[in-house]
Amino acid sequence: MMQWTVRLEVRTSAGEVKTTELVTISRPAVVSTLAEVGLALAETKALLAKLQASMLCGQVAEYAAQHRVCAACGILQPLKDRRTRRLQTLFGTVAVEAPRFKVCGCRRATPLAEVTVSPVCASLTARCTPELERVQAELGARTSFWDAARILDTLLPASPANQESVRTRTHAVALRIEAADRQAAAEVTAVRDDTAKVTAADASRPVVMLDGAYIRAVPGHQVRNFEAICGKVERVGHPTRRFALVRSVAEQPHALLRAALHDQGWREGDAVTVISDGDPALPALVRSATGDPVQPILDWFHLSMRVHHVEQVMRGLCALEPPPLAPLDRAQIDVERLRHLLWHGHHEKACEALGRITSWAQDAIVLNILVVDAKAKRLVARCAELRSYIERNEGALIDYGERYRAGKPISTSRAEGTVNQLVSARMNKRRQMRWSPRGAHRVLQVRAAVLDGRFGHPAIQLAV
Ligand SMILES: [Zn+2]
C-alpha cells in the first residue's frame with residue numbers, strides 16, 4: 001500500500017506558520033488497473049473542497065481578527081457572539097465564522113448603548129463568489145441550464161449545482177450587463193467640431209448589421225414565436241461588438257445598441273451605416289439609439305434573393321417546349337439585366353425593366369395555353385414582389401458594386417452569422433426549447449458578452 005498525504009502550510013501576515021492535513025490518498029503498492037493510476041476526479045474534488053474551506057476560513061478569521069481591533073484606540077473589542085455565514089464558491093459551499101463584536105466604548109455615542117459590528121457579514125455582500133457566479137452565467141449562456149449544472153457538478157465540488165441556480169445567476173449577470181450598458185449609453189460624448197464629423201463620415205464609420213430571429217415562446221404566452229434582434233457593430237481598428245435584444249422586455253432597447261457603438265469609439269453626431277433586410281423597424285432602432293445621421297443600406301443578399309426568384313421563373317419559361325407565342329428574347333434580356341442594374345444602384349432602370357417584363361408576361365397569358373399561363377402568372381407575381389421591395393427600400397439602395405470594390409460590407413450575412421451564434425446555437429427549434437421573452441433576452445445579454453470576450457475576471461474581494 002502507498003499513501004500520499006497533502007499538507008497545507010499557512011503563513012499568516014504576522015509570519016505565524018501553521019500546518020493542516022488536507023487529505024490522504026492510498027493506492028495498492030502494485031497497481032492492477034489503469035483506474036488506480038494517479039489522482040481520481042472524486043479525490044481531486046474532495047481535495048479542492050478541503051483546500052478551499054481551509055483557505056477561506058483562514059482568510060476570514062484573519063480579516064475578523066484585524067477588524068476586532070478598535071480603529072480609534074487600538075484595544076480589542078469584546079466578542080458578542082459567533083455566527084456562521086455560508087459562502088458558495090466554485091470549490092464548494094463553505095461555512096465561515098462571522099463573529100460579532102461590541103463596538104469599543106471609546107466610539108459609542110452614549111456609554112450604555114450597546115452596538116455590535118460584524119465585519120465578516122459586512123464584507124460578504126453576496127451569497128456566492130463573483131467567480132462562481134461568472135462561471136455559472138457563462139456556462140448557462142453557452143449551453144442549457146441543465147447541462148451547465150451537470151458540467152459543473154461533474155468537474156468541480158461547486159455547489160449548488162442545479163439548473164435553477166445556474167438560471168438565477170445567468171439572469172443576475174444579465175441584469176448587471178444591461179445596467180452597465182445603460183451606463184455606457186449615458187456616457188456617450190458628442191462630436192464637437194464639424195471637421196471630425198467629416199472624417200468620421202467616411203472610412204472609419206461604424207457599420208451596424210442587424211437581423212431578426214424568431215424564438216419559440218413558452219406555452220401560455222400570447223404568441224407562439226417572438227422576435228430577437230441581433231446584430232453586430234463593426235468599425236475598422238476595433239474588435240467586433242455583438243448585441244441582442246428582445247424588444248418587448250428590454251428596459252431601454254436603444255441603450256444596448258448605443259453602448260455597443262460607444263464601445264467602438266462612436267460619438268454622438270458621427271454618422272452610422274446600417275445594413276438590414278428591409279424591415280423598417282431595424283434602421284429605426286439605430287436611429288433612436290444614435291439620433292441622426294444614419295445611412296441605411298438594404299442588405300444585398302436579401303435583394304439578390306428576390307432577383308433570383310424572377311430569374312428562376314424566367315428560366316422555367318425559356319425551357320418550355322414548344323416556346324411561348326409571345327417572343328421571349330426582349331423579356332429575357334431585361335431579366336438578365338436586373339441583377340446588374342441593381343448591383344450598380346440603377347434601381348429606377350430596374351423598375352422600368354420589371355415593368356416591361358410584366359407587360360410581356362401579361363401578353364403571354366393572353367396569347368398562350370395553360371402551361372405557359374401558370375409560369376407567366378408566377379413571373380408577374382415575382383416581378384411585383386421585387387418591385388415593391390425596391391420601392392419600399394428606395395432610400396436604402398446604393399451602388400453595391402462601388403461599395404464592394406471599396407472593401408466595405410454590403411450584406412448582413414455576417415449579422416446572420418451572429419444570429420446563428422447568439423440565438424440558433426442556444427435556442428433553436430431542434431433543441432425543443434421554449435423561452436419566455438425575458439428569459440431569452442437575459443441569456444442573450446450574457447451570450448453576446450461571452451462571445452465578444454467582454455466577460456471580466458473579477459477577483460474575490462474580501463477586504464475592502
Ligand atoms: Zn476604542
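Everything numeric here is computed off the predicted structure, so don't read it as measured data. (Residues numbered from 1 in each chain as written. Predicted model: local features only at pLDDT ≥ 70, side-chain atom pairs only at ≥ 80, totals over all residues. Heavy atoms only, no water.)

Peer 1: Please give an account of the pairing of strand S2 (residues 17–27) that cites residues and values.
Peer 2: Looking down a regular strand, the side chains alternate between one sheet face and the other. Relative to S2, strand S1 (residues 2–11) is paired through 10 bridges, and the arrangement is antiparallel. Bridging across to S2, Gln-3 finds its partner in Ser-26. Here S1 folds back onto S2, and the loop between the two strands holds 5 residues, one of which, Gly-15, carries a positive phi near 90°. (Pairing = 2+ DSSP bridges. Helix = DSSP H or I, 4+ residues; strand = E, 2+ residues; numbered from the N terminus.)

Peer 1: I'd like a rundown of the coordination of the zinc ion, residues and numbers included.
Peer 2: Here the zinc ion is held by the protein donor atoms Cys-70 (SG), Cys-73 (SG), Cys-104 (SG) and Cys-106 (SG), which lie 2.2 to 2.3 Å from it. Coordination at the zinc ion comes from 4 donor atoms whose angles at the metal span 104 to 118°, giving a geometry best classed as tetrahedral. Judged by its relative accessible area of 46%, Cys-106 falls in the partly exposed class. (Donors = N, O, S within 2.8 Å, 3.2 Å for Na, K, Ca; no water. Tetrahedral: all angles 85-135°; square planar, octahedral: opposite > 155°, others 65-115°. Buried < 20%, exposed > 50% of the residue type's maximum accessible area, 1.4 Å probe, protein only.)

Peer 1: How would you summarise the packing of aromatic side chains if you had to cite specific residues and measurements?
Peer 2: Applying the stated rule across the entire model yields 5 aromatic pairs. Both rings, one in Trp-300 and one in Trp-343, keep their centres 4.9 Å apart while their planes meet at 70°; by these two values the pair is edge-to-face. Remark: Trp-343 occurs in helix H10 (residues 329–343) and Trp-300 occurs in helix H9 (residues 300–318); sequence separation between them is 43 residues. Taking the centre distance of 4.9 Å and the plane angle of 50° together, the rings of Trp-300 and Tyr-400 count as tilted. With Trp-300 in helix H9 and Tyr-400 in helix H13 (residues 400–405), this pair connects stretches of sequence that are 100 residues apart. Accessibility expressed as a relative area gives 12% for Trp-300, which makes it buried. Joined through ring pairs, the aromatic side chains of Trp-300, Trp-343, Tyr-400 and Tyr-404 make up one cluster. (Phe/Tyr/Trp six-rings, centres within 6.5 Å; stacked < 30°, edge-to-face > 60°.)

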